[in-house]
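Notes for the structure review
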Amino acid sequence: SKMAAVHRSFVSARLPVSVLRSLQCFKQHREERWLKPFTAQQRGYRAAVCHKIMTPVEVRDLPSVENIPKGMVKVAVHSTGINYADILMVAGLYQERPELPFVPGAELAGEVMAVGEGVTAFKEGDRVAGCPMPPGSYAEECLVHQKTLFHLPDSLTYTTAAAVPISYGTALMGLTRRVHLQPGETVLVTAAAGALGAAVVDVAAHALGATVIGAAGSAEKCEFVRSRGAQHTVNYSLESIRAKVKELTQGRGCDVAFDAVGGKVFDESLKCLAWEGRVLVGGFAGGDIPQIPANILLVKNLSAVGLYWGRYSMQNNAVFQQTVNDSLTFIQEGKIKGPPQPKTFKLEQVNEAFKFIRDRKSTGKVVLQIR
């Protein structure tokens, strides 16, 4: 059935009825978009489309959606953040696999074009950031449910705003709700020069008052991590994460390890933890999913917790919204630095942008400049 694919894409999550109905309408529009012929008389927009996994995405014209589904908002996309999950999704390696063809992209900043029935918090012309679910932000136009859309402060440019929701929402959720980081505690952040890592460093150091050890793969990246607020860094291309953390903490270890790399990096992070330490599993960018030895958790009274930030949009939307709204407020009030100026690519350069990230050349977020 039509809804079966939607249920599968959210791993059988119990969705609010209003969201399910909006997604059902979205599914109908999706099929019209791909299956109906696109005439020259129709107004259209450009989008990067994934037709087949493990192949480059292609920029093509798609017909604009004129009848906005209930609860949905049509946004003119100015900028869209690229997340590693997008690259995995296009490669068919992510835990959620949208039905082909699809437009990638789960993070955007832009201006409201039109709203569907029942939308009261947004109106035409509003400056917004948002997280489309299902994805679709690598495009000039995108439908976003009102429950995953956020008002933007005037002080934030679209380019910077496109780098906020996922990285900073994940960072704030993980550090507060999942590992309960306390002022004065020490946190190790792996891949600290990446978009998520840099956000974790920023939030931990400036909003939560923690001591931050940032691990990165080069001297240049370590310098960048220090500029985001880390008091200490580890260049893991030259030195052992475990040995350096033990040295910096006088043998005690860190209270929290925030890891989104997996593999051997996770294994070392686990061994860095102090008594009653917590390790947060935020992803597996390195490609290897680690196996956590329960005996280590037992002997040192450690906790291992998972974090899938996007799922909160369905399971606890109020908490999901709060993490993004708080992040935007903290940036506006100067309590955190916010993302550095992102590296930008044009929509037509999306495959180059993917390669740039895969080749580990990026620091912070990479953003597609759509308009």
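Described in the following lines is the structure provided in the data block.

Things to note about the packing of helix 5 (residues 165-178) against helix 12 (residues 317-333)
Following both chains from N to C, one finds helix 5 and helix 12 inclined at 110°, their axes separated by 9 Å at the closest point. In terms of orientation, helix 5 and helix 12 fall into the roughly perpendicular class. Note on element contacts: helix 12 touches helix 5 through Val319, Phe320, Thr323, Val324, Asp326, Ser327 and Phe330, opposite Pro165, Tyr168, Gly169, Leu172, Met173 and Arg177. When the residues that make up the contact of helix 5 with helix 12 are grouped by side-chain class, the tally is eight nonpolar, three polar and two charged.

Some words on the sheet that holds strand 12 (residues 273-281)
Strand pairing in a sheet relies on backbone hydrogen bonds. The paired strands run either parallel or antiparallel. Taken together, the six strands give an open sheet; going across it, the order is 10-9-8-11-12-13, and neighbouring strands pair in parallel fashion. Single-partner strands in this sheet number two, and they are strand 10 (232-235) and strand 13 (303-306). Within the sheet, the average angular offset between the axes of one strand and its neighbour, ignoring direction, is 20°. With four bridges connecting them, strand 9 (residues 211-216) and strand 10 associate as parallel partners. Across the sheet, residue alanine 216 finds its bridge partner in strand 10, namely asparagine 235. Where helix 8 (residues 241-248) meets the sheet, it contacts strand 8 (186-189), strand 9, strand 10, strand 11 (254-259) and strand 12, and its direction lies at approximately 155° from that of strand 10.

So, helix 6 (residues 195-207)
For helix 6, with 13 residues, the first-to-last C-alpha span of 17 Å sits near the 18 Å given by 1.5 Å per residue. Across the 13 residues that make up helix 6, a large majority, ten, are buried. Looking at helix 6, one finds that the buried residues are Leu196, Gly197, Ala198, Ala199, Val200, Val201, Asp202, Val203, Ala204 and Ala205. If you follow the buried residues of helix 6, they end up packed against helix 5, strand 8, strand 9, helix 7 (219-228) and strand 11. One or two residues past the end of helix 6 sits glycine 209, with phi positive at roughly 70°.

Re unusual backbone geometry
In this structure, proline 101 follows leucine 100 across a cis peptide bond, with omega equal to -10°. Topologically, proline 101 is positioned in the loop between helix 3 (84-90) and strand 4 (108-115). With an omega of 5°, the peptide bond between methionine 133 and proline 134 qualifies as cis. For proline 134, the position within the fold is in the loop between strand 5 (127-130) and strand 6 (141-145). For alanine 191, which is not glycine, the phi dihedral falls at a positive 45°. Turning to its location among the elements, alanine 191 is positioned in the loop between strand 8 and helix 6. Even without being a glycine, asparagine 301 presents a positive backbone phi close to 55°.

Comments concerning the environment of alanine 48
Residue placement: alanine 48 occurs in strand 1 (residues 44-49). Residue classification places alanine 48 among the buried residues on the basis of a relative accessible area of 0%. Expressed as a C-alpha distance, the spacing of alanine 48 and serine 137, which sit 89 residues apart in the sequence, is 8.9 Å. Discounting chain neighbours no more than four positions away, the residues touching alanine 48 are Val57, Glu58, Val59, Phe102, Val103, Pro104, Tyr138, Leu347 and Val350.

Details of the packing of aromatic side chains
With the rule as written, the count across this model stands at four aromatic pairs. Look at phenylalanine 150 and phenylalanine 320: their rings are 6.2 Å apart centre to centre, the planes differ by 40°, and that puts the pair in the tilted class. Residue phenylalanine 150 is located in strand 7 (residues 149-151), and its partner phenylalanine 320 is located in helix 12; the two are separated by 170 residues in the primary sequence. Over the aromatic face of phenylalanine 345 sits the side chain of lysine 343, whose NZ or CZ is 5.5 Å from the ring centroid.

Here we look at the pattern of salt bridges
Pairing between side chains of opposite charge can happen when their charged atoms approach one another. Within the structure shown, the criterion is met by ten salt bridges. In this structure, the salt-bridge partner of arginine 278 is glutamate 185, at a minimum N-O distance of 2.9 Å. In this pair, arginine 278 sits in strand 12 while glutamate 185 sits in the loop between helix 5 and strand 8, placing the two residues 93 residues apart along the sequence. Neither arginine 278 nor glutamate 185 differs from the other in exposure class; each is buried. A cluster of three or more residues bridged by salt bridges with shared partners is formed by Arg46, Glu140 and Glu348.

Comments concerning helix 12
When the terminal C-alpha atoms of helix 12 are compared, their 24 Å separation across 17 residues agrees well with the 24 Å that a helix rising 1.5 Å per residue should span. Burial in helix 12 covers these residues: Asn317, Val319, Phe320, Thr323, Val324, Ser327, Leu328, Phe330 and Ile331. Next to the buried residues of helix 12 lie strand 7, helix 5, helix 6 and helix 11 (312-315). A positive phi of about 80° marks glycine 334, the residue just after helix 12.

Some points on the side chain of threonine 159
You can see threonine 159 is positioned in helix 4 (residues 158-161). A polar contact is formed between the side chain of threonine 159 and the side chain of glutamine 369, at a distance of 3.1 Å. Sequence-distant contacts of threonine 159, defined by excluding residues within four places in its chain, comprise Ser79, Gln341, Pro342, Thr344, Val367 and Gln369.

Definitions and limits used
- Residues numbered from 1 in each chain as written.
- Predicted model: local features only at pLDDT ≥ 70, side-chain atom pairs only at ≥ 80, totals over all residues.
- Heavy atoms only, no water.
- Axes fitted to C-alpha atoms, helices over the stretch in contact; angles between N-to-C directions.
- Helix = DSSP H or I, 4+ residues; strand = E, 2+ residues; numbered from the N terminus.
- Parallel < 35°, antiparallel > 145°, perpendicular 65-115°, else oblique.
- Contact = heavy atoms within 4.5 Å.
- Nonpolar A, V, L, I, M, F, W, Y, C, P; charged D, E, K, R; others polar.
- Pairing = 2+ DSSP bridges.
- Expected span 1.5 Å × (residues − 1).
- Buried < 20%, exposed > 50% of the residue type's maximum accessible area, 1.4 Å probe, protein only.
- Phe/Tyr/Trp six-rings, centres within 6.5 Å; stacked < 30°, edge-to-face > 60°.
- Lys NZ or Arg CZ within 6 Å of the ring centre and 35° of its normal.
- Salt bridge = Lys/Arg side-chain N within 4 Å of Asp/Glu carboxyl O.
- Polar contact = N/O pair within 3.5 Å; in protein donor to acceptor, adjacent residues only side chain to side chain.

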